[in-house]
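# Residue-level structure breakdown
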Amino acid sequence: RLRAPAPSVAPRPVPSRARERRRAPSRASASPTARDDALRGCTECSLPNERARADAVARAMALPDTGHARALVVGVETGMLARALTTDDGARCTVLCADASTAMLERGAETVGAPRALRAGVDVLGNERGARFLRADDALKELKPYHGPFDAVAFNAHLCDRGEARRTALTRATMALKPGGRMVISERKAGDAEGSDVDGGLDFAEIVRDLPLARVDASGSCSGKDLSAAATATAMRADDDENPLVLMVPKFYELANRFTLEAPVVTGFGRGSKQMGVPTANLDPETCGGEAVLSALPLGVYFGWAKREGESNWHECVLNVGKRPTFVDGDGTTIEVHVMGASDATPEYEDDFYGETMRVDVCGFIRPELRFDSLPELVARIKTDIGLARNAMASGAHARPSSS
């Protein structure tokens, strides 16, 4: 089994003397160092309504009782949520608890208790049921793909005062979720934690708009990612202890409503085939409505069906609608379509067809646009996107359009 470096955090024994009980300091309004200092000697900290709140979040995560479910908890607080997920009457699962505060990780490990609290660092990887503890910054920079994929993620009073780190953390966690996995966000009302003036009533709708997340309805399902203006206009608050905000990556990355792009193929930057080995057809963005239309779409990677003018057959494709943040080579939004062949080694088209019209029926949304540190890193991610698109299309959830 792969093992991480030496442990940076491990459960500490609970003192045998009478414990001091006091209200926990604000987790959301202090730096990790300040939170560590505030928690020293706090062996039985509490927060208002924390048990009921932890139970509500655990229920909303709806982890499958398969014996090998995986969950991510961001924001350990006093460990009540981790304990709720790992008790005998809860889902049998492995939970990764991430926090920037070492003291909170230690406190969470004490709450979970042996043998379910597994040592951090050495045992942060593995499939044994229980809770592991990962020191990670507020943007989750330390969260790696091999920690997942997760069946559910919970942000536990973590996001409201995090600034730009809030969006980054949500993006990283979303990309670590399995299709069909849930994202649960629970924030505290202002003043719920001692010394905190952070308002947990933040509206998450704008951030969620750019991610492959859809709101879970009363029946516990979702009909796909809604790209309409009405979806963004609907507030998404998370400051109700008994009713957290519950989102989902649609099972096959479905869109609630498919849409069509149709435009002539124009000359691009020549990187698709020459530098990345992934040939693309660049659609004229102005014919597709220009910035007035494209700005209403989340930038990122989509997939669907494509065909050239005069063809009767539709072909599976993956496309990027974005501004090329990895390259500094111009302004404006581009639409780059890769038509998938039978395999990555055999693209559907080998000829250039500049000037011909291509029609694309867009069915699903995989991820937001990201900036990569190197071309190899970008190419690796493109290959992953192609694989995810192939799997989603193979599910049968995205019917081929009519030949008209």
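Residues numbered from 1 in each chain as written. Predicted model: local features only at pLDDT ≥ 70, side-chain atom pairs only at ≥ 80, totals over all residues. Heavy atoms only, no water.

To continue, consider the side chain of arginine 182. Turning to its location among the elements, arginine 182 is positioned in strand β5 (residues 177–186). Here arginine 182 occupies a buried position and makes no salt bridge, while the nearest side chain of opposite charge, aspartate 217, is found at 7.3 Å. A polar contact of 2.8 Å, which involves the side chain of arginine 182, links it to the backbone oxygen of alanine 60. Within the structure, the side chain of arginine 182 is placed 3.0 Å from the backbone oxygen of glycine 220, a separation counted as a polar contact. For arginine 182, the contacting residues outside a window of four places in its chain are Ala60, Met61, Ala62, Asp151, Ala152, Val153, Leu177, Val216, Gly220, Val246, Leu247 and Met248. (Helix = DSSP H or I, 4+ residues; strand = E, 2+ residues; numbered from the N terminus. Buried < 20%, exposed > 50% of the residue type's maximum accessible area, 1.4 Å probe, protein only. Lys, Arg positive; Asp, Glu negative; His and termini not counted. Salt bridge = Lys/Arg side-chain N within 4 Å of Asp/Glu carboxyl O. Polar contact = N/O pair within 3.5 Å; in protein donor to acceptor, adjacent residues only side chain to side chain. Contact = heavy atoms within 4.5 Å.)

Before going further, it helps to spend a moment on the nonpolar core. In this structure, Leu72, Leu140, Phe155, Leu170, Met183, Ile185 and Phe204 are the most contacted members of the largest nonpolar core, which totals 50 residues. By residue number, the principal contributor to this core is helix α10 (residues 375–394), which donates six residues. Setting aside its immediate chain neighbours within four residues, leucine 170 contacts Phe155, Leu159, Met183, Ile185, Phe204, Ile207 and Leu211. (Core = buried A, V, L, I, M, F, W, Y, C linked by side-chain atoms within 4.5 Å.)

Applying the stated criterion across every chain yields a total of two aromatic pairs. Between the aromatic rings of phenylalanine 259 and tyrosine 302, the centroid separation amounts to 6.0 Å while the plane-to-plane angle is 85°, which identifies the pairing as edge-to-face. Of the two residues, phenylalanine 259 sits in strand β8 (residues 254–266) while tyrosine 302 sits in strand β10 (residues 300–308), which places them 43 residues apart along the sequence. Here phenylalanine 259 matches tyrosine 302 in class, with each residue buried. A ring pair is formed by tyrosine 302 and phenylalanine 365, whose centres lie 4.7 Å apart and whose planes are at 35°; its orientation type is tilted. Of this pair, tyrosine 302 sits in strand β10 while phenylalanine 365 sits in strand β13 (residues 357–368), placing them 63 residues apart in sequence. Given the relative accessible area of 1%, phenylalanine 365 is considered buried. Connected via pairs of aromatic rings, a cluster forms that spans Phe259, Tyr302 and Phe365. (Phe/Tyr/Trp six-rings, centres within 6.5 Å; stacked < 30°, edge-to-face > 60°.)

Look at helix α5 (residues 164–175): 17 Å from first C-alpha to last across 12 residues, which is about the 16 Å you get at 1.5 Å a residue. Turning to α5, its buried residues number three or more, namely Ala165, Arg166, Ala169, Leu170, Thr171, Ala173 and Thr174. (Expected span 1.5 Å × (residues − 1).)

Attention now moves to the sheet that holds strand β1 (residues 69–74). Spatial ordering of the open sheet is given by β3-β2-β1-β4-β5-β7-β6, a layout of seven strands whose pairing is mixed. With one partner strand each, in any of the chains shown, β3 (130–135) and β6 (214–215) form the two edges of the open sheet. Those strands touched by helix α4 (residues 102–112) are β2 (93–99) and β3, and its axis lies near 175° from that of β3. (Pairing = 2+ DSSP bridges. Axes fitted to C-alpha atoms, helices over the stretch in contact; angles between N-to-C directions.)

So, about the pattern of salt bridges. Within the structure shown, the criterion is met by 16 salt bridges. Note that glutamate 128 is salt-bridged to arginine 132, the shortest N-O span being 2.7 Å. By relative accessible area, arginine 132 is classed as buried at 2%. One salt bridge connects aspartate 385 with arginine 367, and the closest N-O pair in it is separated by 2.9 Å. Taken as a pair, aspartate 385 in helix α10 and arginine 367 in strand β13 lie far apart in primary sequence, 18 residues in all. The exposure class assigned to arginine 367 is buried, which follows from its relative accessible area of 4%. Salt bridges sharing common partners tie together Arg53, Glu77, Arg188 and Asp241.

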